[in-house]
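An overview of the molecular structure
Spelled out from the first residue to the last, the chains are:
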Number of protein chains: 2
Amino acid sequence: MAATSTRESMGHSEGKKVNPEIESERRKAEFNPLELTYFLEGGQENTEKRRLLEADVFSDPQFKKEELSFMNQEQRYTYSIRQALRAIKKMKELDITDNKQQWIFKEAVHGTEESNLSLHSSMFLHCIYSQMTQEQQEIWLNAAFDYTLIGTYAQTELGHGTNLRGLETTSTYDPSTQEFVLHSPTLTSMKWWPGNLGKTVTHAIVAARLITQGKDHGTHMFMVQLRSLEDHRPMPGVELGDIGPKLGFSNIDNGFLRLNHVRVPRDHMCMRYSQVAPDGTYSAPSNSKLSYGSMVVIRSFLIDHVAVGLAKGAVIATRYSAVRRQSELIPGRPEPRILDYQSQQMKLFPQIATAYAFLVCGDQLKERYMTYLSQTDEGNFSALPELHGTTAGVKAFSTEMAANGLEILRMACGGHGFSAASGFPEIYGNVVAACTYEGENTVMHLQTARFLMKTVRQAKEGAKLTPFMSYLTANQREHCPARTPEDFMNIQTLVNAYRHRARRMVNHAESCVQEDLASGKSHAIAWNNNHLHLIAASKAHCHLFILDSFLHGVESSECEGAARRMLDTLIRFYALHGIVQNKGEFLLSGYISVEQLDLISKQLINLLEVIRPNAVALVDAFDIHDDRLLSVLGRYDGNVYENLYKWAKSSPLNKTEVPEAYQLYIKPFLEENRNRVQAKL
Amino acid sequence: MAATSTRESMGHSEGKKVNPEIESERRKAEFNPLELTYFLEGGQENTEKRRLLEADVFSDPQFKKEELSFMNQEQRYTYSIRQALRAIKKMKELDITDNKQQWIFKEAVHGTEESNLSLHSSMFLHCIYSQMTQEQQEIWLNAAFDYTLIGTYAQTELGHGTNLRGLETTSTYDPSTQEFVLHSPTLTSMKWWPGNLGKTVTHAIVAARLITQGKDHGTHMFMVQLRSLEDHRPMPGVELGDIGPKLGFSNIDNGFLRLNHVRVPRDHMCMRYSQVAPDGTYSAPSNSKLSYGSMVVIRSFLIDHVAVGLAKGAVIATRYSAVRRQSELIPGRPEPRILDYQSQQMKLFPQIATAYAFLVCGDQLKERYMTYLSQTDEGNFSALPELHGTTAGVKAFSTEMAANGLEILRMACGGHGFSAASGFPEIYGNVVAACTYEGENTVMHLQTARFLMKTVRQAKEGAKLTPFMSYLTANQREHCPARTPEDFMNIQTLVNAYRHRARRMVNHAESCVQEDLASGKSHAIAWNNNHLHLIAASKAHCHLFILDSFLHGVESSECEGAARRMLDTLIRFYALHGIVQNKGEFLLSGYISVEQLDLISKQLINLLEVIRPNAVALVDAFDIHDDRLLSVLGRYDGNVYENLYKWAKSSPLNKTEVPEAYQLYIKPFLEENRNRVQAKL
């Protein structure tokens, strides 16, 4: 099968009419969007492979999308379970075993990588891999791969989220039967939130405090069967269910789980690092830090996830802005495309640039992690603190920016952005959730701040910093040499500005903490009293890191010519926009003067004109098929209005011309009122 | 019937246990929350009247709330139509005719003022009042009051929102039958979005271009019957329906309407200002600006609406933060309340202060409008430009801040904020919509910017400015005298900082426009090329206006003692927080130095400690009953966890232990896999 064309790859069949409004925008582009698609995916081969895989899904009638927003919670769940199981079966048939390929396939099926069995193939499998012995893996890994059971990972409790040490669920070893007794001793100890737990899974790896020989050894993992493999009913002592409707993930059965003295065999404890012997003797793990590495990977995938969400939003809002005409720009002339308003450009273009930046940054993080992994083979773990210390904050920074950006993009579509037809409500719900899960954002920033404070202190004590972190000790008194708006196209000037700002914010936070310590406050109180500054320090650091990654990703790529010039523009635009958005901190750093800030605004505005003719091509380059985008406003063909109409006509309230509520309530109400008026006359 | 106690007024029945966590927070308060309730409502009498009215609703079994998030769109609609009609009937029985009282009653019934007949009692009635002649009013006003028909107002079209002049629907006068022929000539001319249009109304006032004697006279209003009063079917030539699910207002049937040469008698045109004579002769209105006044009122109500939404969010997140315990603040000590983390306080307290500021500002705007109205009696319309020019931006500023604030508050509740049980998804959807409706926010800011640019030019030409606007001509070279954090408690210093910042942003925008004009750009292009600066100018102006209103509202109140001191603290906190958030612009103004900015951060942090013990009391003072709040996390009694559990258990997916999807999909899937594995063995 040949690779699809760009048009096809975005859901356009030949013969169908493309809105001339958007067609003309595509003709304006000064680069070939396909080159940026290749850039984003790491080469033509990857793009072609993905397109082939997607074509398998989009051409298969069993994967035809239905409209989630027309369904109630139960219908969404039932529909999406069906699709998830079909996807797994089909991937088996096609022998798709590679992780990345599976991810692509599932995204094509669901329109998002979140399927009703996603925890099975991510955290459940990951725990078996990383926490179980070889012997245990032989049993459970096969079962998981064969899907003779469905699993999830149950950690979060009703009363305990981010703080692992606060978990209350207990797993008490009983040497007399060689079993663990898993128990939820309080209401707040109920597991709460695990995905797919509510109605779907048969098994879970449960995080619980291990108690043996009367001693509490903290959180460990246990494989627990939750439902009968015969009839799917809860196992004895197990109470579980769905936690109810949510802002997003409306098809996923996040669940609760209450364990009442549930017994599992001794070998159901994940014993790779710690063990409990038959007599109950506990052996502690030798290296407890190993698991930090996998958090780097999970977070880098999260950055991809929100970057794709933001990219989808940018596609929708940009295409719609090319089609929508409104008001008057030049008196007497026809209504312009809203894409021609500067205020609209200031909503769209920063989000386009940010989506590129995050996509590149996610890749860069994975690359850095691979480098780190290859170093660990030689026993070198030195890159981990910086990698771990930075990804926490970058996760927080990127999820927050993506969520905010999506709302800006949605509102840039006016009223129609508010309709579920836009796709925004669904995308937003799924992206903004990432601000909270896998480490709540404030906690993440404070984690990065801890790394930064430690690094500052080490630097003061004369430690040599890594090339990236050395910004902390560079010359703070340097001033920006730019004298014209165009001088700010010098990328080194821009990076310097970010380094100065980050240094200022980090050093300021550190000196505030020191000041409080000097005044006699305890370390805990001094830390808490400076959350404001510590979080600002983390944000400034992460912003610099993302800019640096973006730059590095572009510079190390093979992209050249017009497409490369477009990327160079985007990086500068991203950097300039960030300065204008955070001008206070950049002024505080002393690198940029008040007068220079006005030059920066000017250059930012200048770049709007450079980007403007390329806007639609820039979002086309994300190469997101209509069947993944799931947005009437963002359709590749730009035929927005007729399809909004079609969508509305098929919506649930229009099944009947006269609603049920008429006979029940409206008719008696109107009749009673009319009779009363008649009686008065 | 006696007025209720504070506890009762917030949904607490005696005998029920209040969570001691929150009880102890209430004991910490240094003021009586009731005094701030009285302050916010303009006196004890108003509070007592409201409570009595609410008690009528909350004690009436027919108004018992059901959980919207458990229903699909049709169920939501049917349920909420029933409640809306019951409310109208009950208000008639109780003879509640005052607008404000009706508003309170409806909010108590629906948990929001948005009912399925809200357009009838707002825009539909308003149009009859303001656009119809006395003679016309006699017919339609009575019908509307008696509810022998149900109406809405249909302006927005599929392809046209904010730009009234772009509307395409036509109403062509036919002198041969003395009728208007209403028609939707294009797809994009379909009416789209009007509330209650989809399934409920029988009539609408339709905005359409009046064409008579071959001439297009622009948009006018026409009363059109849309559905039969016999069977609710669409009238001939009328096609209409619901526009489908949305991000918010999930119970409201926003609708579409396509008119195919629909005829209405000549006297169905609203003829108060313009008339069409039987022969088709058109008479133009004498004063077209009169209608601007009513937009001031509508916007001031919108500010109330989002302020209440933000207040609800603040109640939920603050009470939850008093109950939720997490992680470790001081090593070895029990998990602290999350309310004790500075980062949490920095999320909650600014939103509490903002909700107070917006509530006061909404009242101040209404007061100013009343003053203006009394002046118009004497033929003095001079206050309108400033009032109209400012409320546009204040609408944009307040809706954006409230929506952003709600998301901050929601995320401050961690995972549980994401659950529909928190109430946040519903509140957010309803508040964020206000960023778009009644004038899209960017358009609103640009409207205010237009007023500001005009005022700057007038000032340059020597015109005398109003006391408030005179900030534009004050001394820009003045410097802030503060030398210690405490010096920033001087409210005049803070107001001065806001005046300087607004002046700088307004003047900068003006000079950028002038610069572009001088370089030969047309006015239209120069304006478009400076949207960035113009919007910033409007925001700075509106921020100052809100601070000024907040201050004026407090200073002119009778509130004193500890409650007054609390308000004084809140104003200062609000002002300091705004400076830290927008530090770049404050630095640009030159009034505040880099060193002083650090003092401001210090003082902001100092005030966190002042507010901390009063946080729960400050949100209690909003006096929002549990039946209006509709949040498990925000319950007055703080019994969060047991009620989350109860809520989840009653959610739709838990109706059966084993879901339908098991028999249909999961079971065959697992069996097939097991058989395959068996076969392999």
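Residues numbered from 1 in each chain as written. Chains lettered and ligands numbered in written order. Predicted model: local features only at pLDDT ≥ 70, side-chain atom pairs only at ≥ 80, totals over all residues. Heavy atoms only, no water.

Within a regular beta strand, the side chains point alternately toward one face of the sheet and then the other, so they alternate between its two faces. All names here are of chain A. Among the 5 residues that make up strand β3 (residues 179-183), 4 are buried, leaving the element largely enclosed by the rest of the structure. Taking the residues between adjacent antiparallel strands as the criterion, strand β2 (residues 170-174) and β3 are bridged by 4 residues, where Q178 takes a positive phi near 55°. Relative to strand β9 (residues 262-265), β3 is paired through 4 bridges, and the arrangement is antiparallel. Bridge pairing in β9 places L182 opposite V262. (Buried < 20%, exposed > 50% of the residue type's maximum accessible area, 1.4 Å probe, protein only. Helix = DSSP H or I, 4+ residues; strand = E, 2+ residues; numbered from the N terminus. Pairing = 2+ DSSP bridges.)

Moving on, we come to the nonpolar core. By size, the foremost hydrophobic cluster in this structure holds 310 residues, and its most contacted members are A:L36, A:Y356, A:F622, B:L36, B:Y356 and B:F622. Apart from the residues within four sequence positions on either side, A:L36 is in contact with A:F31, A:Y356, A:C559, A:A563, A:M566, A:L567, A:L618 and A:A621. (Core = buried A, V, L, I, M, F, W, Y, C linked by side-chain atoms within 4.5 Å. Contact = heavy atoms within 4.5 Å.)

Before going further, it helps to spend a moment on the UniProt feature "binding site: FAD" (unreviewed entry) in chain A. Residue and element names in this part refer to chain A. Under the UniProt annotation, the feature "binding site: FAD" (unreviewed entry) is placed at T156 and G195. For the annotated residues, spread through 40 residues, the largest C-alpha to C-alpha distance comes to 10.6 Å, consistent with a single compact locus. Within the secondary structure layout, T156 lies in the loop between β1 (151-154) and β2. What makes T156 partly exposed here is its relative accessible area of 27%. Beyond its immediate stretch of four places on either side in the chain, T156 contacts G161, M190, K191, W192, W193 and P194. Positionally, G195 belongs in the loop between β4 (191-192) and β5 (203-212). (UniProt positions renumbered as here; feature names shortened; annotations may be inferred.)

Turning our attention to the sheet that holds strand β7 (residues 238-242) of chain B. Residue and element names in this part refer to chain B. Strand order in the open sheet made by the 3 strands is β4-β8-β7, with antiparallel pairing throughout. With partners counted over all chains shown, the strands left at the sheet margins are β4 (191-192) and β7, one partner each. In terms of strand pairing, β4 meets strand β8 (residues 255-259) through 2 bridges, oriented antiparallel. Counted as the bridge partner of W192 is F256 from β8.

Right, let's talk about helix α5 (residues 73-93) of chain A for a bit. Residue pairs three or four apart in sequence face the same way in an α-helix, which turns once every 3.6 residues. Residues and elements named next belong to chain A. Here α5 spans 30 Å end to end across 21 residues, near enough to the 30 Å set by a 1.5 Å rise per residue. Taking burial as the measure, the 21 residues of α5 include 15 buried ones, the bulk of the element. Immediately downstream of α5, the backbone of D95 shows phi near 55°, a positive value. (Expected span 1.5 Å × (residues − 1).)

Another aspect to go through is the pattern of salt bridges. Residues and elements named next belong to chain B. Under the defined criterion, the tally for this structure stands at 82 salt bridges over all chains. The partner of E510 in a salt bridge is K460, and the shortest N-O contact between them spans 2.7 Å. Remark: K460 occurs in helix α14 (residues 441-460) and E510 occurs in helix α15 (residues 491-518); sequence separation between them is 50 residues. (Salt bridge = Lys/Arg side-chain N within 4 Å of Asp/Glu carboxyl O.)

By definition, a disulfide links two cysteine residues through a covalent bond between their sulfur atoms. Within the structure shown, the criterion is met by 0 disulfides over all chains. Counting only cysteine sulfurs, B:C512 is the nearest neighbor of A:C480, a cysteine outside any disulfide, at a range of 19 Å. Among the cysteines around B:C542, which has no disulfide bond, B:C361 carries the closest sulfur, lying 9.0 Å off. The buried category is assigned to B:C542, whose relative accessible area is 0%. (Disulfide = S-S within 2.5 Å.)

Once turned by 180° and shifted 0.0 Å along the axis, chain B lies on chain A with an RMSD of 0.1 Å. Here the transformation between the copies is reduced to the relation of a two-fold axis. Minimal C-alpha distance to the rotation axis in chain B is attained by B:G584, lying at 1.7 Å. When the interface residues of chain B are mapped onto chain A, 100% of them are again interface residues, pointing to one common binding face. (Least-squares fit on C-alpha atoms with pLDDT ≥ 70 in both.)

Counting residues at the interface gives 143 residues for chain B and 143 residues for chain A. Carbon and sulfur atoms make up 63% of the surface buried where chain B meets chain A, a total of about 11,800 Å² over both sides. Sorting the residues of chain B by area buried against chain A places B:F418, B:Y645 and B:L653 first, and these three jointly supply 7% of that buried surface. The tally of links from chain B across to chain A stands at 18 salt bridges. (Buried area = accessible area lost by both parts, 1.4 Å probe.)

The next thing to look at is unusual backbone geometry. Even without being a glycine, A:D95 presents a positive backbone phi close to 55°. Tracing the backbone shows A:D95 in the loop between α5 and α6 (99-110). Unusually for a residue other than glycine, B:E438 sits at a positive phi of about 55°. Along the chain, B:E438 turns up in the loop between α13 (424-432) and α14.

Another aspect to go through is the environment of B:R612. Residue and element names in this part refer to chain B. Checked against the element boundaries, R612 lands in the loop between α20 (594-611) and α21 (615-620). Taking C-alpha positions, R612 is 29 Å from A540, a pair spaced 72 residues apart along the chain. Here R612 is in contact with E25, K28, R337, L339, D340, Q345 and F349, once residues within four sequence places are set aside.

Given a rise of 1.5 Å per residue, 25 residues ought to cover 36 Å, and the 36 Å separating the end C-alpha atoms of helix α17 (residues 531-555) of chain A matches this to within 8%. With 20 of its 25 residues buried, α17(A) lies for the most part within the structure.

Moving on: the packing of aromatic side chains. Counting across every chain of the model gives 33 aromatic pairs over all chains. Each ring, one from B:Y173 and one from B:F180, has its centre 5.0 Å from the other, and the planes form 55°; the classification is tilted. Given a relative accessible area of 6%, B:Y173 falls into the buried group. Centre to centre, the rings of B:Y498 and B:F586 are 4.9 Å apart; their planes meet at 75°, and the pair counts as edge-to-face. Separated by 88 residues along the polypeptide, B:Y498 in helix α15 and B:F586 in helix α19 (residues 583-588) bring together distant segments of the chain. In this structure, B:Y498 and B:F586 share a single accessibility class: buried. Counting every residue linked through ring pairs, the aromatic cluster contains A:W193, A:F249, A:Y437 and B:F418. Across from the ring centre of B:Y636, 3.6 Å away, lies the NZ or CZ of B:R26, which sits over that ring. Its end group placed over the ring of B:F301, B:K366 keeps NZ or CZ at 5.1 Å from the ring centre. (Phe/Tyr/Trp six-rings, centres within 6.5 Å; stacked < 30°, edge-to-face > 60°. Lys NZ or Arg CZ within 6 Å of the ring centre and 35° of its normal.)

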